[in-house]
Every structure is written in C-alpha cells, then in structure tokens.
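# A closer look at the structure
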Amino acid sequence: MKVGVIAGGVSSEREVSLRSGTAVFNALKELGYNVVFIDADRNICQRLGEEKIDVAFLVLHGGWGENGGIQGMLEVMGIPYTGSGILASSMAMDKEVTKKIFLYHGIPVPPFKVVRRDEIEAFLDSLSQIISFPCVVKPAEEGSSVGVSIARDKEELNISLIEAFKYGDRAIVEKFIEGREIHIGVLGGRALGGVEVKPKKGFYDYEAKYTKGLTEYILPPEIDKSLYEKLKELGLKAHKALGCKGGTRVDIILDKENNPYVLEVNTIPGMTETSLLPKIAQLEGYDFKALVREILELALKENEK
Ligand SMILES: Nc1ncnc2c1ncn2[C@@H]1O[C@H](COP(=O)(O)OP(=O)(O)O)[C@@H](O)[C@H]1O
Ligand SMILES: [Mg+2]
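This one's a predicted model, so the numbers in the text were calculated from it and none came from an experiment.

### Section: unusual backbone geometry
Following Phe 133, the chain continues to Pro 134 via a peptide bond in cis, the omega torsion being -5 degrees. By the secondary structure assignment, Pro 134 is in the loop between α8 (127-130) and β5 (135-139). A cis amide bond links Leu 219 to the next residue, Pro 220, at an omega of -15 degrees. In this structure, Lys 52 is a non-glycine residue whose phi angle is positive, near 50 degrees. Inspection of the secondary structure assignment puts Lys 52 in the loop between α2 (44-51) and β3 (55-58). For Lys 52, a count of 10 C-beta atoms within 10 Å gives the class exposed. Unlike most non-glycine residues, Ser 144 shows phi in positive territory, near 60 degrees. Inspection of the secondary structure assignment puts Ser 144 in the loop between β5 and β6 (149-151).

This is the structure:
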C-alpha cells in the first residue's frame, strides 16, 4: 500500500503545514509504510495521477486543503483520504456556517455578528445596539489566528475589520470572552482529553501559536473533573454536529463563571510532534506514531464501508 502525505499547499498556513507533513511522513516511514511526500501546489492534480497512491494522508491547513476542495478532488479520483469529508470540511472551515450549525444543536457560541464587506458602514452606524467592547474580529474563512484581532473601541474595530477583510469578504465580530482557553482532542468518535493554552501575553495569536516559549500548555487542564468531562462531551458534540471524522481539535473558551463557548473545530489540526492534538493523544497513551497510524487506519476503515 502506498501512502501519499499531502502537505504544503498555497494558503497562508503553508509553512506550518510543511512542518506537520514532514513529521507525519517520518512517522509513517518509521512505521514501515511505503510513503511519498506530495507538496500540494497547483500541480497537485497531475502529481496525484503520477504517484498512484492508495490513500492520502492530508496535512494541509487552510484554503482548499481544509475546506473540502482537495477532499472533493480525491473522491472524484477514487482515492481514500484521512479526516473529514467534503461537507464537514467546508462547514468547519467557515466560521459563519459553523456557528449557525452549532446554534441549531444548542452548542454555546459567543454572541456574534457576521459583517459583509459591503455592509461595513451600516454595521458601524448601528454598532451600539449590536456589539459591546472589547470584541474579537476574524475572517470567516482562515486559521492559525491569521487576521484575528481584538478591538476595544469603534476606531480599533474599523482597523480590525480592514485587517480581516484582507482574507475574504466576510468577517465575524464576536464578544471577547475573558477567561481560559481549552482545546479538546477528538479521535475516531471519542473525546481523548484536552489542554489548556495560556499565552504569556494577549490572546492565542499566530506568534503565540508558533513561537516556542510564548504559550504555556497545561496537560490535562487544571479544572475539576466534572467540568473536564463536560468540556470533553461538548467537544465531541461540536465535532459530530459538523459531521467530522478522524482526528480533530475543538477550540473552547471558558468564561470566569466556567460557562463554555465553542469557537471552532479544526479538521486538520497541527501534526508536528509538539502540536496540540498529538500532545492530547499522549494522555490516552498514543505516542506520535500510534496517533498517525490510527488516523490512517480510520480512513481505511471508513473507505471499506
Ligand atoms: N470570542 C473570543 N473571546 C476570546 N478570545 C477569542 C475569541 N475568539 C477567538 N479568540 C482568540 O483567538 C484565537 C483564534 O480564534 P479562532 O476562532 O480559534 O480562529 P483560528 O481559526 O484562527 O484559530 C483563539 O484561540 C483565542 O485565543
Ligand atoms: Mg482556533
């Protein structure tokens, strides 16, 4: 069996994806698989045709790697792939759709407003009735905290919106939830556990995510058992609401009264050996190689159905 690790891509998360892809490639090699590394640039179609892989291990973040694009292409080509399908991937990548699905399922989300590029002025004019400060502004379709910022007043909000609109035509403006941030790892339809992420300053932005030492990771989170169980259940519920498969990471914020709010589900979470899903999986006895093998096996099982 030939496994193709597909990483890189053309999104703003390319570098991060290449790091994850290399780690997964090495793990599969050590596990004895016949494996090839495929950098998913615009020639991906042709490359896939030439490589004749039996299964794709997707480690693309953002853009068409995570939004159902590549998943659709692989389905047309008849190649099984790891993780979520087309619909779940595209819903999870879109923060507006995600929130609307969550609301239907009774999954708590921070109060939010979707702002379209051509509606900025009307939005800013009616501001006082819809949003309180501070608020968080983010592009509807990005990851890795790219384009995300916190606005403390109307002027900052304007600047934040301009920043978010660099990445697309819709922005989400939502209530800033002050409290703790806990991410839940899900694998094969089961919540594995969680990690508290504690950025040393500000919020969990791009720099805090990818610079060593800027964030403290507490594993498992230091919260009481019943709250931990509740968050694991909520993480799994969010994963299922979107119809996700394989390994995912669900971002949750807890306010000061321990009320949880789900931010998003990451369908292709970081997969370097020190990324969060691998760290969480360790709590349940999966070392990095075992996690990689499990994600691959879940894809093969799914394909047999
Ligand atoms: N409503 C919020 N309240 C407080 N912090 C937030 C909120 N939304 C986002 N953040 C911070 O921004 C980070 C990135 O937001 P998230 O919605 O997960 O987008 P991304 O897809 O870029 O990871 C979160 O990990 C968190 O630190
Ligand atoms: Mg996130």
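Don't stop here, the text continues.
### Things to note about the site of ligand 1
Every one of the 19 residues lining ligand 1 counts as a neighbour, but Pro 110, Ile 177, Phe 203, Tyr 204 and Leu 263 are closest to it. Of all elements in the fold, only β5, β7 (170-175), β11 (247-255) and β12 (260-266) reach the threshold of two or more residues within the shell around ligand 1. Each residue belonging to the shell around ligand 1 can be placed in one class, and the counts come to nine nonpolar, three polar and seven charged.

### Concerning the packing of helix α1 (residues 14-30) against helix α13 (residues 288-304)
The angle between the axes and the distance between the axes are what describe a pair of packed helices. Relative to each other, α1 and α13 sit at 90 degrees, their axes nearing to 9 Å. Taken together, α1 and α13 sit at an angle that is classed as roughly perpendicular. For the pair α1 and α13, contact is made by Val 24, Ala 27, Leu 28 and Glu 30 and by Phe 288, Lys 289 and Val 292, respectively. Tallied by class, the residues present in the contact of α1 with α13 amount to five nonpolar, no polar and two charged.

### Description of the sheet that holds β7
In any sheet, the strands associate via hydrogen bonds between backbone groups, in a parallel or an antiparallel arrangement. Taken in spatial order, the four strands of this open sheet run β4-β7-β5-β6, and their pairing is antiparallel. Only two strands of the sheet have a single partner each, and these edge strands are β4 (112-116) and β6. Here the strands of the sheet are splayed against their neighbours by 30 degrees on average, with no regard to which way each runs. Sheet analysis places β5 next to β7, joined by five bridges and oriented antiparallel. Each residue of the ladder has a partner; that of Lys 138, found in β7, is Ile 172. Relative to the sheet, helix α6 (residues 95-104) contacts β4, β5 and β7, its axis offset from that of β7 by approximately 50 degrees. The strands touched by helix α9 (residues 154-164) are β4, β5, β6 and β7; relative to β5, the strand with the most contacts, the crossing angle is about 20 degrees.

### Focus on the environment of Leu 283
When you line up the elements, Leu 283 lands in helix α12 (residues 276-283). Look at Leu 283 and you get partly exposed, because 14 C-beta atoms sit within 10 Å. Taking the C-alpha atoms as reference points, Leu 283 and Gly 193, 90 residues apart in sequence, are found 7.0 Å from one another. For Leu 283, the contacting residues outside a window of four places in its chain are Leu 192, Gly 193, Leu 219 and Pro 220.

### Points about the domain arrangement of the chain
As far as domains go, the chain holds domain 1 (2-82), domain 2 (92-107 + 178-304) and domain 3 (112-175). A straight line from the C-alpha centre of domain 2 to that of domain 3 covers 24 Å. Across the contact, eleven residues belong to domain 2 and 13 residues belong to domain 3. Mapped by element, the contributors of at least two residues to the side of domain 2 that touches domain 3 are α6 and α10 (206-210). The leading source of residues in the side of domain 2 that touches domain 3 is α6, at three residues. Residues of the side of domain 2 that touches domain 3, tallied by class, amount to four nonpolar, one polar and six charged.

Definitions and cut-offs
- Residues numbered from 1 in each chain as written.
- Chains lettered and ligands numbered in written order.
- Predicted model: local features only at pLDDT ≥ 70, side-chain atom pairs only at ≥ 80, totals over all residues.
- Helix = DSSP H or I, 4+ residues; strand = E, 2+ residues; numbered from the N terminus.
- Buried ≥ 20, exposed ≤ 12 C-beta atoms within 10 Å, placed from the backbone.
- Near = placed C-beta within 6 Å.
- Nonpolar A, V, L, I, M, F, W, Y, C, P; charged D, E, K, R; others polar.
- Axes fitted to C-alpha atoms, helices over the stretch in contact; angles between N-to-C directions.
- Parallel < 35°, antiparallel > 145°, perpendicular 65-115°, else oblique.
- Contact = placed C-beta atoms within 7 Å.
- Pairing = 2+ DSSP bridges.
- Domains from an automatic or database assignment.

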